[in-house]
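Structural overview for review
Okay, here's what each chain looks like letter by letter:
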Amino acid sequence: MKRVSQAIFATLVSAAALAAAQPAAAQSVPNAPTGPVETQYYANGSFATTQLRSAAACDSKGNQCDVFYPSNIASLTTRLPLVVWANGTGSTPDNYTVWLKHLASWGFVVVATRDQQTGYGNTVLDSLAYMQAEEANPASPFYHRIDFTHVGAAGHSQGASGAANAMFHSGGAIRTAVTFELPSQTWCNPADNCLLTPTLTGGSGSIFYVSGTADSLIAPDTQSGGTQLNSQTAYYNATPAAMQKAKGLLKGANHNDVTGTPGCGLLGFLKSCANGVYGYLGFPTAWLAWQLKGDATAGAAFKSGTGEFFTATAWQGRVSNIP
């Protein structure tokens, strides 16, 4: 992916994210939520948000980090969970502003390195270390404000590999991962720029695999040949049974809908996505709210076969091992 597929990924990702906005009325958008949990987390949370960029490098490659967080963090009486974000190939946090601000509005601190090659997960772990240093710095707005016992990772495309790799190589510091359009291993050059089978099968934590039905090229749902993990279903099936896991495909979504703003391009032009970020706001946020904030109602939505996730009209290909 680092070499052969870089041009393809760079073409697929949107040039830049437009200004963040509240989601449009659910009735008028693609992939609208249909149940109470998805509807709740589809909407922005109660926190106004702030975005800042680190003054110095925050990772071992010399990249800065962008941090998204509740604007009133200094006055909060409880520490907030942290989500580390991994960009897709050739992308920066600018491509994901709507999604990252949405998470911050729900009371997460989100740190995103500006690294454009995140598949190994090393710079994602660097961003976690950066936030640990910030949390210990009395001059930082994050001084004693972050709960490092509740850390998650999320990422898109190559960054989906980066998020998973960061979790599996974190020594348990990262508890859960959400992967958007996790690439088939066939795309990876060199191979370890992807999530490798031994890393996955020997790992621990929890993981939510998210893709779109229109992404049959890079992150298909069914095996596209070979013995590698070349589909979302193959990744899900290879994930150890001891891990909490779920998988679902958003109907009609292509490889880049998570970059939507929340639609696909200014006045419908310059489209690099199909439907926009709408459908990705609800259940992925609910997963993190369950795993990192203890929202049991959100967790119940993923109960195998009977949870709200399994009746949501915008989703298909759904499986989980949540009892």
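Residues numbered from 1 in each chain as written. Predicted model: local features only at pLDDT ≥ 70, side-chain atom pairs only at ≥ 80, totals over all residues. Heavy atoms only, no water.

Remarks on the pairing of strand β7 (residues 206-212)
Along β7, 7 of the 7 residues are buried, which leaves the element largely enclosed by surrounding structure. Here 5 bridges tie strand β6 (residues 176-180) to β7, and the two strands are oriented parallel to one another. Among the inter-strand pairings, A177 is bridged to a residue of β7, identified as I207. Between the parallel elements β7 and strand β8 (residues 244-250), the chain passes through helix α7 (residues 232-238) in a crossover that is right-handed. (Buried < 20%, exposed > 50% of the residue type's maximum accessible area, 1.4 Å probe, protein only. Helix = DSSP H or I, 4+ residues; strand = E, 2+ residues; numbered from the N terminus. Pairing = 2+ DSSP bridges. Right-handed = clockwise from strand over helix to strand, strands pointing away.)

Here's the deal with the packing of aromatic side chains
Each aromatic ring pair is characterised by the separation of its centres together with the angle its planes make. Per the stated rule, a full pass over the model turns up 19 aromatic pairs. Positioned above the aromatic ring of F108 is the side chain of K293, whose terminal nitrogen or guanidinium carbon lies 5.3 Å from the ring centre. (Phe/Tyr/Trp six-rings, centres within 6.5 Å; stacked < 30°, edge-to-face > 60°. Lys NZ or Arg CZ within 6 Å of the ring centre and 35° of its normal.)

Thoughts on the sheet that holds strand β5 (residues 146-156)
Strands sit in the order β1-β2-β4-β3-β5-β6-β7-β8-β9 across an open sheet of 9 strands; the sheet is mixed. Strand pairing shows two members of the sheet lacking a second neighbour, β1 (49-53) and β9 (315-320), which therefore form its edges. With strand direction ignored, the average angle separating the axes of adjacent strands in the sheet is 15 degrees. One ladder, built from 4 bridges, connects strand β3 (residues 80-86) with strand β4 (residues 109-113); its direction is parallel. (Axes fitted to C-alpha atoms, helices over the stretch in contact; angles between N-to-C directions.)

Side note on the pattern of salt bridges
As enumerated under the stated definition, the model contains 7 salt bridges in all. With a closest N to O distance of 2.8 Å, K247 and D221 form a salt bridge. On the criterion of sequence distance, the pair formed by K247 in strand β8 and D221 in the loop between β7 and α7 is long-range, its members being 26 residues apart. Under the relative-accessibility criterion, K247 is labelled buried at 4%. (Salt bridge = Lys/Arg side-chain N within 4 Å of Asp/Glu carboxyl O.)

A look at the side chain of T179
With respect to the secondary-structure elements, T179 resides in strand β6. Those residues in contact with T179 that sit more than four places away from it in its chain are G155, A160, A164, I207, F208, Y209 and V210. (Contact = heavy atoms within 4.5 Å.)

So, the state of the cysteines
Tallied over the entire structure, the rule returns 3 disulfides. Bonded cysteines in the protein are paired 1-2, 3-4, 5-6 when counted in the order they occur along the chain. (Disulfide = S-S within 2.5 Å.)

Here we look at helix α3 (residues 97-105)
Across the 9 residues that make up α3, a large majority, 8, are buried. Of the positions making up α3, those classed as buried are T97, V98, W99, L100, H102, L103, A104 and S105. G107 sits one or two positions beyond α3 and adopts a positive phi of about 90 degrees.

A closer look at unusual backbone geometry
Between N189 and P190 the backbone carries a cis peptide bond, its omega angle lying at 5 degrees. Summarising the element assignment, P190 is placed in the loop between β6 and α6 (197-201). Backbone torsion omega between T261 and P262 reads -5 degrees, so that peptide bond is classified as cis. Take P262: it is sitting in the loop between β8 and α8 (282-293). The backbone of H144 sits at a positive phi, close to 55 degrees, despite the residue not being glycine. Of note in this structure, E181 is not a glycine but carries a positive phi near 55 degrees. Within the secondary structure layout, E181 lies in the loop between β6 and α6.

With respect to the environment of C58
Relative to the assigned elements, C58 resides in the loop between β1 and β2 (65-70). Its relative accessible area of 7% is what places C58 among the buried residues. With 73 residues separating them along the chain, C58 and M131 place their C-alpha atoms 8.7 Å apart. Setting aside residues no more than four positions away along its own chain, C58 makes contact with N63, Q64, C65, T113, D126, S127 and Y130.

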